[in-house]
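Results of the structural survey
Single-letter residue listing:
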Amino acid sequence: MTSKSTAGSSTAAATKQSAEYAIYKPNGRGTGGVIRFEFNRSKGAVFVDAASQSGEKQFDWEQKITMKWGLSDLGAVLATLQGRQEQAKLFHQSEKANSAFELTFRDDPQKAPYFMSMSRQDASSKSVKKVTIPVTHAEAVILETALRAAITRLIGW
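Parameters at a glance
Residues numbered from 1 in each chain as written. Predicted model: local features only at pLDDT ≥ 70, side-chain atom pairs only at ≥ 80, totals over all residues. Heavy atoms only, no water. Helix = DSSP H or I, 4+ residues; strand = E, 2+ residues; numbered from the N terminus. Polar contact = N/O pair within 3.5 Å; in protein donor to acceptor, adjacent residues only side chain to side chain. Contact = heavy atoms within 4.5 Å. Pairing = 2+ DSSP bridges. Axes fitted to C-alpha atoms, helices over the stretch in contact; angles between N-to-C directions. Phe/Tyr/Trp six-rings, centres within 6.5 Å; stacked < 30°, edge-to-face > 60°. Buried < 20%, exposed > 50% of the residue type's maximum accessible area, 1.4 Å probe, protein only. Lys NZ or Arg CZ within 6 Å of the ring centre and 35° of its normal.

A separate point is the side chain of T80. Note on placement: T80 falls in helix α2 (residues 71–81). Within polar-contact distance, the side chain of T80 engages the side chain of Q85 at 3.1 Å. In this view, T80 contacts Q85, E86, Q87, A88, L103, F105 and Y114; residues no more than four positions away in its chain are not counted.

If you want it as structure tokens, here you go:
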């Protein structure tokens, strides 16, 4: 559950500048994933990383998908977590790739109440990477609380 640190990233200053919450969903088929949310004060954003399962309880962080969320992205996801809309869809385009994040509420008592997916399509090769995980009510509440705190910090109130 720990990530490899690179030179300088494990300094005390870096630790104080960011905090994270990750939802790990490994499964016996090896098709699970993890989606990690990290508040970065110095960059004024929440970074969202997704990695596919690569072993029994291991994840392929080398091939992760990353998105940088601003206030409008946070608002869209919170609106879904708070039940104001059934789905949040975020799209980010760059010269190198297109990234998408989707959070959907499912009203099915037999399944997890939320379904979260993140994908990235490489512009040159057109290859697509996708990570999809179920999210429980408890995980959704923690995520909602974390994202609300991130908004407060980003606005500076």
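Past the structure itself, the notes keep going.
Time to look at the sheet that holds strand β6 (residues 97–105). One open sheet holds the 4 strands; their spatial order is β5-β6-β7-β8, and the pairing between them is antiparallel. Of all strands in the sheet, those with a lone pairing partner are β5 (87–93) and β8 (128–135), marking the two edges. Strand after strand, the sheet turns through a mean of 10 degrees between neighbouring axes, direction not considered. Against the sheet, α2 makes contact with β5, β6 and β7 (114–122), and its axis sits at roughly 160 degrees relative to β5, the strand it touches most. Of the strands in this sheet, β7 and β8 touch helix α3 (residues 137–155), which is tilted by about 110 degrees from β8.

The next thing to look at is the environment of T132. With respect to the helices, strands and loops of the structure, T132 is situated in strand β8. Between the C-alpha atom of T132 and that of M116, which follows or precedes it by 16 residues, the distance is 5.7 Å.

Attention shifts here to the packing of aromatic side chains. The final tally for this structure, using the stated rule, is 4 aromatic pairs. The interplanar angle of 55 degrees and the centroid separation of 5.4 Å between the aromatic rings of Y24 and F59 together place this pair among those described as tilted. Here Y24, found in strand β1 (residues 18–25), pairs with F59, found in the loop between β3 (45–52) and β4 (65–69); they are 35 residues apart in sequence, far enough to count as distant. Take Y24 and F59: they sit in the same class, and that class is buried. Joined through ring pairs, the aromatic side chains of F37, W69 and F101 make up one cluster. A cation sits over an aromatic face here: R36 above W61, 4.1 Å from the ring centre.

So, about unusual backbone geometry. Positive phi outside glycine occurs at K126, with the angle close to 65 degrees. Of note, K126 is situated in the loop between β7 and β8. For K126, a relative accessible area of 54% corresponds to the exposed category.

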